[in-house]
Amino acid sequence: MQADHAILADPSGEPIIIGSAHKITSTVYGETKLLTVRLPRGYADNPDRRYPVVFSIDGGPEQDFELLAGIAAEAEFSTSFEPFILIGVRTDNRYAELTPPLERMDPKTLTAVFGERMQPNGAPRFRDFLARDVIPWVTSRYRTDRKVLTAASLGGLFVVDTLLERPEMFDDYIALTPSIWWDEGRVADEAAAKLASHAGSDRRIYITMGDEGIGNLSGKWLATLVSAFNTSAPEGLKWAFVDRSGSEEHRTMALMGWLDAFRTLYLTPTRTGSPLPFLYDGSRAPDYTSAARANLDAGACRPAIAKSVTWAEKNDAPSAYYGWCLLLKPGGPLTAGNFGPDDFGRADQDDK
């Protein structure tokens, strides 16, 4: 299928394929919609393995698909977080498809800024499209495990709104720079009551926000949203918020935010130390402690035998941790949330 981004290739060479595009018929919209797909390396060679499946809203070939394909490749090359199936869901008019209803703002106020493309109240129908058309197509075709919903900006608002309105649709939620200004902060204002009404579950949500400008109400609405999770999260819901207002802004958040989100939710453990003898004094690696030897004898590094530590703990006692299987999250700390040291990644990933 000829795609818009095909112009990136030099026609004198062979194109590099990073995924595929699929047209599906939507029973909700009564028209053809486009999905993009990237399967993990080795997918065909592991017929019994199931993978997390990430639904990227605004995930068309010309939208966020390529960015998240890079994150997926990083999972496979670094092995620092779990590989995943990537499903991009292209939006045709995100200003109509992803926006919640308006109750406080005058629609004319938005039209004056965004033009006629702004047609609020499309989010409920788009959720129906995901539930009735997209998810069944994906889960019947691929070997899926936990379902992840992710997007940025207006899409990030859609992610938060979906967790609040229909939490059962997905297992994990990743919202980058959500447009919580929508309808004068109504989604944030109503979040506490809606979260309090949810049943307990093992769902997780990661939210991150950069600098959204000076002198506006974004900070107030963001504080309201974070407070809602802090006071009203249902039993079992793990939530994380990372404030990047001191280092990133709205348009620079995507790669950093997604990388940290997957390291938070799908982190995998790793063994410390290097096998290269010439890195050590006298070309002799340190001796293992008895605890490290027992950890090595327990087999391949996996969550069941991993020890959760911080980078500071490891670096303050390098000989003690040499050879250990450690759960060690890269990147900066979380600003707020209820993730403990053992909550990064998934304890049950051994079974997948």
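These notes cover the structure that comes with them. None of these values were measured; they are calculated from a predicted model.

### Notes on the overall build of the protein chain
Then, in step 1: When helices and strands are tallied, the protein chain shows 11 helices and 12 strands.
Then, in step 2: For 352 residues, the compact-globule estimate of 2.2 N^0.38 gives 20 Å, and the C-alpha radius of gyration of the protein chain, at 22 Å, lies within 12% of that figure.
Then, in step 3: With respect to the principal axes defined by its C-alpha atoms, the protein chain has extents near 75 × 55 × 35 Å.
Then, in step 4: Across the 352 residues of the protein chain, 49% fall into the buried class.
Then, in step 5: Counting every atom, the protein chain has about 16700 Å² of accessible surface; 51% of that belongs to carbon and sulfur.
Then, in step 6: Charge-centre separation for the protein chain: the mean point of 37 positive side chains lies 3 Å from the mean point of 48 negative side chains.

### As for the packing of helix H1 (residues 65-78) against helix H8 (residues 254-265)
In helix packing, the relevant descriptors are the interaxial angle and the interaxial distance, both defined with respect to the helix axes.
Then, in step 1: In the contact formed by H1 and H8, the axes pass within 10 Å of each other and the chain directions differ by 40 degrees. Taken together, the axes of H1 and H8 are oblique relative to one another. The handedness of the crossing between H1 and H8 is right-handed. Contacts between H1 and H8 involve Leu-67, Leu-68, Ile-71 and Glu-74 from the first element and Ala-254, Leu-255, Trp-258, Leu-259 and Phe-262 from the second.

### Digging into the sheet that holds strand S10 (residues 307-308)
Then, in step 1: What the 3 strands build is an open sheet, ordered S9-S11-S10; its pairing is mixed. Of all strands in the sheet, those with a lone pairing partner are strand S9 (270-271) and S10, marking the two edges.
Then, in step 2: Here S9 pairs with strand S11 (residues 325-327) via 2 bridges, running antiparallel. Bridged to Thr-270 within S11 is Leu-326.

### Comments concerning the environment of Tyr-43
Then, in step 1: In this structure, Tyr-43 sits in the loop between strand S2 (32-38) and strand S3 (51-57).
Then, in step 2: Distance in space between the C-alpha atoms of Tyr-43 and Pro-83 is 9.8 Å, their sequence separation being 40 residues.
Then, in step 3: Excluding residues that lie within four positions of it along the chain, Tyr-43 makes contacts with Tyr-51, Ile-85, Arg-141, Tyr-142 and Arg-143.

### Digging into the pairing of strand S1 (residues 20-25)
Then, in step 1: Where S1 meets S2, 6 bridges bridge the pair, whose relative direction is antiparallel. Bridging from a neighbouring strand, Ser-20 pairs with Val-37 of S2.
Then, in step 2: Taken together, S1 and the strand that follows it, S2, pair antiparallel across an intervening segment of 6 residues, in which Gly-30 is found at a positive phi of about 70 degrees.

### Focus on the state of the cysteines
Then, in step 1: In total, this model carries 1 disulfide according to the counting rule given.
Then, in step 2: What pairs with Cys-301 in a disulfide is Cys-325, and their sulfur atoms sit 2.1 Å apart. Across the disulfide from Cys-301 to Cys-325, rotation about the S-S bond amounts to roughly 80 degrees, and the bridge is consequently right-handed. Of this pair, Cys-301 sits in the loop between helix H9 (290-297) and S10 while Cys-325 sits in strand S11; the two residues are 24 residues apart in sequence, bridging distant segments of the chain.

### As for the packing of aromatic side chains
Then, in step 1: Applying the stated rule across the entire model yields 16 aromatic pairs.
Then, in step 2: Look at Phe-339 and Phe-344: their rings are 5.8 Å apart centre to centre, the planes differ by 25 degrees, and that puts the pair in the stacked class. For the pair Phe-339 and Phe-344, one class covers both residues: buried.
Then, in step 3: Among the aromatic residues, those joined into a cluster by ring pairs are Tyr-29, Phe-126, Phe-129 and Phe-158.
Then, in step 4: The ring of Tyr-29 has Lys-33 lying over it, and the distance from NZ or CZ to the ring centre is 4.3 Å.
Then, in step 5: Taking NZ or CZ as reference, Arg-94 lies 6.0 Å from the ring centre of Tyr-95, over its face.

### Things to note about the pattern of salt bridges
Then, in step 1: Counted according to the given criterion, the structure contains 28 salt bridges.
Then, in step 2: Of the charged contacts, one joins Glu-82 and Arg-346 as a salt bridge, the two residues approaching to 2.7 Å between their closest N and O atoms. Here the residue Glu-82 occupies a position in the loop between H1 and strand S4 (85-89), and Arg-346 occupies one in the segment after strand S12 (336-337), the gap between them amounting to 264 residues.
Then, in step 3: The class for Glu-82 is buried, based on a relative accessible area of 5%.
Then, in step 4: When the shortest N-O distance is used, the salt bridge between Arg-104 and Asp-189 registers 2.7 Å. Of this pair, Arg-104 sits in the loop between helix H2 (94-97) and helix H3 (107-114) while Asp-189 sits in helix H6 (residues 186-196); the two residues are 85 residues apart in sequence, bridging distant segments of the chain.
Then, in step 5: Looking at Asp-189, the relative accessible area reads 34%, which means it is partly exposed.

### Observations regarding the sheet that holds strand S5 (residues 144-152)
Then, in step 1: Strand order in this open sheet of 9 strands is S1-S2-S4-S3-S5-S6-S7-S8-S12, and the pairing throughout is mixed. Since the sheet does not close on itself, it has two edges, and those belong to S1 and S12, each with one partner.
Then, in step 2: Seen against the sheet, H1 touches S2, S3, S4 and S5 and runs at an angle of roughly 25 degrees to S2.
Then, in step 3: Relative to S5, helix H5 (residues 154-165) is tilted by about 130 degrees, and along the sheet it contacts S3, S5, strand S6 (172-176) and strand S7 (204-211).

### Description of the side chain of Lys-147
Then, in step 1: Structurally, the position occupied by Lys-147 is in strand S5.
Then, in step 2: With sequence-adjacent residues up to four places away left out, Lys-147 is seen in contact with Val-53, Phe-55, Ile-135, Met-169, Phe-170, Asp-171 and Asp-172.

Calculation notes
- Residues numbered from 1 in each chain as written.
- Predicted model: local features only at pLDDT ≥ 70, side-chain atom pairs only at ≥ 80, totals over all residues.
- Heavy atoms only, no water.
- Helix = DSSP H or I, 4+ residues; strand = E, 2+ residues; numbered from the N terminus.
- Rg over C-alpha atoms; globule rule 2.2 N^0.38 Å.
- Buried < 20%, exposed > 50% of the residue type's maximum accessible area, 1.4 Å probe, protein only.
- Areas by Shrake-Rupley, 256 points an atom, 1.4 Å probe, with all protein chains shown as cover.
- Lys, Arg positive; Asp, Glu negative; His and termini not counted.
- Charge placed at Lys NZ, Arg CZ, Asp CG, Glu CD.
- Axes fitted to C-alpha atoms, helices over the stretch in contact; angles between N-to-C directions.
- Parallel < 35°, antiparallel > 145°, perpendicular 65-115°, else oblique.
- Left-handed = near helix turned anticlockwise from the far one by under 90°.
- Contact = heavy atoms within 4.5 Å.
- Pairing = 2+ DSSP bridges.
- Disulfide = S-S within 2.5 Å.
- Phe/Tyr/Trp six-rings, centres within 6.5 Å; stacked < 30°, edge-to-face > 60°.
- Lys NZ or Arg CZ within 6 Å of the ring centre and 35° of its normal.
- Salt bridge = Lys/Arg side-chain N within 4 Å of Asp/Glu carboxyl O.

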